[in-house]
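# Analysis of the macromolecular model
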Amino acid sequence: AQSVTQLDSHVSVSEGTPVLLRCNYSSSYSPSLFWYVQHPNKGLQLLLKYTSAATLVKGINGFEAEFKKSETSFHLTKPSAHMSDAAEYFCVVSEGYSTLTFGKGTMLLVSP
Amino acid sequence: DTAVSQTPKYLVTQMGNDKSIKCEQNLGHDTMYWYKQDSKKFLKIMFSYNNKELIINETVPNRFSPKSPDKAHLNLHINSLELGDSAVYFCASSQTSGQGREQYFGPGTRLTVT
């Protein structure tokens, strides 16, 4: 069975400082992992995905994530936050036939 | 050139009514999904259709009935609406050949039952 835990429900940063959103997963097989972003009153947009290729994955808008099997983690980072990054972020795990299991989300707040 | 579209965007209705939400994708994908997002932003899959065939049917009241007239469309019909059905419903699509296929989401339909 697959599951995902997002360790922080809210993360607050100042504009221009680094972002770290933490995610741990549980999977019986080699999982695929994703990060999605949801801006207020919008749909979900794929930021990046890991599918057993390079462990460091680069996504859109300067985000990247590193797959660490030994730690069962897939944390999302960005060197410098922008105001436009304020949104809800979802870590997602998938095994096999495209079933996605979502984490509970982390709200990223960016202050000027 | 919207990839996954849903109508309506907002739906306000009274308890006991029947309503439908429509979804269309123009990505050529063979699999479509319905998700429910509750007030705490938690997303849970409800249904999945592959080539018009139901492949995932989570524990959802049978008042909810998906219908897929073709690969590009997956509609959600809800009978006898209840207050607890208030949520945002997202449609998504993917191409299933191979593991790790990302899903593309529609903008969501905010359903409010009064």
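In this convention, every chain numbers its residues from 1, walking through the sequence in written order. As they are written, the chains are lettered A onward and the ligands numbered 1 onward, keeping that order. Under the rules for a predicted model, residues below a pLDDT of 70 receive no local features and side-chain atom pairs below 80 are neither given nor counted, while totals for whole chains, interfaces and linings still include all residues. For side-chain calculations, the full set of non-hydrogen atoms in the structure is used, while hydrogens and water are omitted.

## Let's talk about empty space enclosed by the protein
Residues and elements named next belong to chain B. Heads up, the condition is: We place a 1 Å grid over just the protein atoms. Points where a 1.4 Å probe fits but has no way out form a cavity, open points with protein on both sides within 12 Å along at least 5 of 7 lines form a pocket, and any residue with an atom within 4 Å of a point lines it. Grid points are joined across faces, edges and corners, and a volume is the space filled by probe spheres set on the points. Only DSSP runs of H or I covering at least 4 residues are called helices, and only runs of E covering at least 2 are called strands; the numbering of each starts at the N terminus. Each residue gets one of three labels, nonpolar for Ala, Val, Leu, Ile, Met, Phe, Trp, Tyr, Cys and Pro, charged for Asp, Glu, Lys and Arg, and polar for the others, Gly among them.
Under the counting rule described, the total for this entry stands at one cavity of 30 Å³ or more. The volume enclosed by the largest cavity comes to roughly 30 Å³. If you list the elements that add at least two residues to the lining of the largest cavity, you get strand E4 (31-37) and strand E5 (43-50). For the lining of the largest cavity, a count of residues per class yields two nonpolar, four polar and three charged.

## So, the state of the cysteines
When the sulfur atoms of two cysteines share a covalent bond, that bond is a disulfide. Operational definition: Any cysteine sulfur atom paired with another within 2.5 Å is treated as part of a disulfide. Buried means the residue's accessible area, taken with a 1.4 Å probe over protein chains only, is under 20% of the maximum for its type, while exposed means over 50%, and partly exposed covers the values in between.
All chains considered together, the criterion is met by two disulfides over all chains. Across a sulfur-sulfur distance of 2.0 Å, cysteine 23 of chain A and cysteine 91 of chain A are joined as a disulfide pair. Its torsion about the S-S bond being -70°, the disulfide of cysteine 23 of chain A and cysteine 91 of chain A is classed as left-handed. On the criterion of sequence distance, the pair formed by cysteine 23 of chain A in strand E4 (residues 23-26) and cysteine 91 of chain A in strand E10 (residues 87-95) is long-range, its members being 68 residues apart. Summarising the burial analysis for this pair, cysteine 23 of chain A and cysteine 91 of chain A share the class buried. Disulfide pairing is shown between cysteine 23 of chain B and cysteine 91 of chain B; the S-S distance is 1.8 Å. Between cysteine 23 of chain B and cysteine 91 of chain B, the S-S torsion sits near -75°, and that sign places the bridge as left-handed. With cysteine 23 of chain B in strand E3 (residues 19-25) and cysteine 91 of chain B in strand E9 (residues 87-94), this residue pair connects regions lying 68 residues apart in the sequence. For the pair formed by cysteine 23 of chain B and cysteine 91 of chain B, the shared burial category is buried.

## A few points about the interface of chain B and chain A
Condition: Contact definition: two residues touch when any of their heavy atoms are within 4.5 Å. The quantity reported as buried area is the accessible area (1.4 Å probe) lost by two parts once they are put together, taken as the sum for both. Any Lys or Arg side-chain nitrogen found within 4 Å of a carboxyl oxygen on Asp or Glu counts as a salt bridge. Under the rule applied, a polar contact is a pair of N or O atoms within 3.5 Å (in protein, one hydrogen donor and one hydrogen acceptor; residues adjacent in sequence only if both atoms are side-chain atoms).
The partner chain A presents 26 residues to the 23 residues of chain B that form the contact. Taken together, both faces of the contact between chain B and chain A bury some 1,900 Å²; the carbon and sulfur share is 53%. Across the chain B-chain A interface, the total number found is two salt bridges. Remark: the boundary between chain B and chain A carries three residue pairs in polar contact (both at pLDDT 80 or more). Every element with two or more residues in the side of chain B that touches chain A is listed here: E4, E5, strand E6 (53-57) and E9 of chain B. With three residues, the top contributor of residues to the side of chain B that touches chain A is E4 of chain B. A breakdown of the residues in the side of chain B that touches chain A according to their chemical character gives nine nonpolar, eight polar and six charged.

## A short note on the nonpolar core
Just so we agree on the cut-off: Put simply, a nonpolar core is a bunch of buried Ala, Val, Leu, Ile, Met, Phe, Trp, Tyr and Cys residues held in one set by side-chain atoms that sit within 4.5 Å of each other.
In this structure, Trp35, Leu48, Leu76 and Tyr89 of chain A are the most contacted members of the largest nonpolar core, which totals 26 residues. No other element matches E10 of chain A, which puts four residues into this core. Counting 19 residues, the second largest nonpolar core, distinct from the first, contains Cys23, Ala87, Cys91 and Val113 of chain B.

## A short note on the packing of aromatic side chains
The geometry of an aromatic ring pair is captured by the separation of the ring centres together with the interplanar angle, meaning the angle of the planes. In plain terms, the rule: Here is the rule: rings of Phe, Tyr and Trp (six-membered ring for Trp) pair when centre to centre is within 6.5 Å. Planes less than 30 degrees apart are stacked, more than 60 are edge-to-face, and the remainder are tilted.
If you walk through the whole model with that rule in mind, you get 13 aromatic pairs over all chains. Centroid distance tyrosine 50 of chain A to phenylalanine 74 of chain A: 6.3 Å. Interplanar angle 50°. Geometry classified as tilted. Taken together, the residues span a long stretch of sequence, with tyrosine 50 of chain A in strand E6 (residues 44-50) and phenylalanine 74 of chain A in strand E9 (residues 73-78) at a distance of 24 residues. As far as the burial class goes, tyrosine 50 of chain A and phenylalanine 74 of chain A line up, both buried. Between phenylalanine 63 of chain A and tyrosine 89 of chain A the ring centres are 5.6 Å apart and the planes differ by 45°, which places this aromatic pair in the tilted class. Pair noted here: phenylalanine 63 of chain A is in the loop between strand E7 (56-58) and strand E8 (64-68) and tyrosine 89 of chain A is in strand E10, with a separation of 26 residues, a long-range link. Comparing phenylalanine 63 of chain A with tyrosine 89 of chain A, the two get one shared label, buried. The rings of Phe34, Tyr36, Phe90 and Phe102 of chain A together with Tyr33, Tyr35 and Phe105 of chain B are connected pair by pair, giving a single aromatic cluster.

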